[in-house]
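# Structural overview
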Amino acid sequence: MIVKNLDDVIGSEDHVKGETWESRRIILKDAGMGFSVHDTIIYEGTESMFWYKYHQEAVYCVEGEGEIEDLGTGKIHPIKPGTLYALVGHEKHLLRATKGNMRMVCVFNPPCTGKETHDEEGAYALPKEEANL
Ligand code: 9YT
């Protein structure tokens, strides 16, 4: 069993910061669960482009408000606490936090290793061993 608290992650190497967001990665691939769990903050007044070409991600908003724009369809969906979006189809998207910081709990399949960085397309590379499958 793994029991962790956000306090264990804050300030550790699993607490990573981008320009418009920060992510506290609570469970990563090395836990052997088959998914990763992240507690992410999207800063108020910012727009972020993400495109997880090789991962599926479910995101559950617990604080703040904003919207997600599906760049494939142009559709904009409002986000408030209790909203979940699931990127079943690896949708390229823009995330905007409009009222307060948006705090999002995210689950990734396959799990993030913790070594990924967003490339110029907002994508995370697939871990090597998965890419060889
Ligand atoms: C909201 C969202 O998509 N967060 C993704 C997780 C974060 N970018 C990370 O852990 O790298």
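Rules used in this analysis
- Residues numbered from 1 in each chain as written.
- Predicted model: local features only at pLDDT ≥ 70, side-chain atom pairs only at ≥ 80, totals over all residues.
- Heavy atoms only, no water.
- Helix = DSSP H or I, 4+ residues; strand = E, 2+ residues; numbered from the N terminus.
- Contact = heavy atoms within 4.5 Å.
- Areas by Shrake-Rupley, 256 points an atom, 1.4 Å probe, with all protein chains shown as cover.
- pLDDT = per-residue confidence, 0-100.
- Salt bridge = Lys/Arg side-chain N within 4 Å of Asp/Glu carboxyl O.
- Buried < 20%, exposed > 50% of the residue type's maximum accessible area, 1.4 Å probe, protein only.

With that settled, consider the overall build of the chain. Scanning the chain for helices and strands turns up 2 helices and 8 strands. Secondary structure elements of the chain, listed N to C terminal, follow the sequence α-β-β-β-β-β-β-β-β-α. Considering only contacts in the chain between residues 6 or more positions apart, those separated by 24 or more positions represent 62%. Split by element, the accessible area of the chain, about 7,400 Å² in all, is 52% carbon and sulfur.

To continue, consider the confidence of the model for the chain. For the chain, per-residue confidence averages 89 on the pLDDT scale, and residues scoring 70 or more make up 87% of the total. Between residues 127-133, whose pLDDT stays under 50, and residues either more than four places distant or in other chains, the model counts 7 contacts.

A complete count under the given rule lists 6 salt bridges for this structure. Between Arg103 and Asp39 there is a salt bridge; the shortest N-O distance is 2.6 Å. Taken together, the positions of Arg103 in strand 8 (residues 93-109) and Asp39 in strand 3 (residues 36-42) put the pair 64 residues apart, joining distant regions of the chain. Using a relative accessible area of 24% as the deciding quantity, one classes Arg103 as partly exposed. The closest approach of N and O atoms between Arg96 and Glu69, which form a salt bridge, is 2.6 Å. Here Arg96 is found in strand 8, whereas its partner Glu69 is found in strand 5 (residues 56-70), with 27 residues between them in sequence. Here Arg96 and Glu69 have matching classes, each one buried. Three or more residues joined by partner-sharing salt bridges are found here, namely Arg24, Asp39, Glu63 and Arg103.

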